[in-house]
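Residues per chain are reported as follows:
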Amino acid sequence: QQQVKQSPQSLIVQKGGISIINCAYENTAFDYFPWYQQFPGKGPALLIAIRPDVSEKKEGRFTISFNKSAKQFSLHIMDSQPGDSATYFCAASRGGGFKTIFGAGTRLFVKA
Amino acid sequence: NAGVTQTPKFQVLKTGQSMTLQCAQDMNHEYMSWYRQDPGMGLRLIHYSVGAGITDQGEVPNGYNVSRSTTEDFPLRLLSAAPSQTSVYFCASRAGTVNSPLHFGNGTRLTVT
């Protein structure tokens, strides 16, 4: 039983378009929600993260939207570029982040 | 800086064989963990450690053992490999401060035949 459900499994976006990846969670004790980006042959790396006391966080072209009542959060990539082509994982943790639980991942391909 | 180093990068085992996946970090991080990555399943936590001498189970611990004798090293042992353990294994570390990011190694691709 996945504690963090992620969709879609794969996504193709035109260059300059908006990429949107969605995640939902069940455990209301989660208090930290990071997104990780993974390129082929590499380990994941932190992209952006949010706490549930804010509804949105923006860093450059990347924005997390958070809906606490719906227990959902999403990653928006504005002006998507071919270099953004990677696998994206949403995640959740509680109590300081010692047990970080990941979603199933979304493979993003940005067409030039 | 080397960061998190995993060895080997690739390994093929026969069913029933044992092996140890090595993980070392040079960032003096207190917390280390092991994940396995499978298609459609994402990253699943196997075991983790919050400091030398302290380990605990994650989501999928069966078939794996760990120990943490030093801050730097966190090896993962497969005592009797099974085909279901074919996966890509990632080691990660993080500082002890609240919500500090995970730093991942580049993975070990393991195939069990």
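Asker: I tried to follow the sheet that holds strand 1 (residues 4-7) of chain A on my own but got confused; where do I start?
Answerer: In sheet architecture, strand pairing relies on hydrogen bonds along the backbone and comes in two forms, parallel and antiparallel. Residue and element names in this part refer to chain A. Overall, antiparallel pairing links the 5 strands, which are arranged 1-3-8-7-6 in an open sheet. The sheet is open, and its two edges are formed by strand 1 and strand 6 (56-59), each paired on a single side. Going across the sheet, the axis of each strand differs from the next one's by a mean of 15°, ignoring polarity. Sheet topology note: the strand 1/strand 3 (residues 19-25) ladder contains 4 bridges and is antiparallel. The partner of Ser-7 across the bridge, within strand 3, is Asn-22.

Asker: Sorry, what's going on with the sheet that holds strand 1 (residues 4-7) of chain B here?
Answerer: Residues and elements named next belong to chain B. Here we have 4 strands laid out as an open sheet, ordered 1-3-8-7, and antiparallel in their pairing. Edge positions in the sheet fall to strand 1 and strand 7 (64-66), since each has one partner strand and no second. On average, adjacent strands in this sheet sit at an angle of 20° to one another, irrespective of strand direction. Bridge analysis of strand 7 against strand 8 (residues 76-78) gives 3 bridges, and the strand direction is antiparallel. Bridge pairing links Asn-65 to Arg-77 in strand 8.

Asker: Would you explain the nonpolar core in this entry?
Answerer: Soluble globular proteins tend to pack their nonpolar side chains together in the buried interior. Counting 25 residues, the largest nonpolar core has Phe-33, Trp-35, Phe-73, Leu-75 and Tyr-88 of chain A as the members making the most contacts within it. Those elements that place two or more of their residues in this core are strand 2 (10-14), strand 3, strand 4 (33-38), strand 5 (45-50), strand 7 (62-67), strand 8 (72-77), strand 9 (86-92) and strand 11 (106-111) of chain A. In terms of residue count, the dominant contributor to this core is strand 9 of chain A (4 residues). Excluding anything up to four places from it in sequence, Phe-73 of chain A contacts Ile-21, Asn-22, Cys-23, Tyr-25, Phe-33, Trp-35, Ser-65, Phe-66, Cys-90 and Ala-91 of chain A. If you look at the next biggest cluster of nonpolar residues, it comprises 18 residues, including Leu-13, Leu-21, Ile-46 and Leu-110 of chain B.

The rules we used
Residues numbered from 1 in each chain as written. Chains lettered and ligands numbered in written order. Predicted model: local features only at pLDDT ≥ 70, side-chain atom pairs only at ≥ 80, totals over all residues. Heavy atoms only, no water. Pairing = 2+ DSSP bridges. Helix = DSSP H or I, 4+ residues; strand = E, 2+ residues; numbered from the N terminus. Axes fitted to C-alpha atoms, helices over the stretch in contact; angles between N-to-C directions. Core = buried A, V, L, I, M, F, W, Y, C linked by side-chain atoms within 4.5 Å. Buried < 20%, exposed > 50% of the residue type's maximum accessible area, 1.4 Å probe, protein only. Contact = heavy atoms within 4.5 Å.

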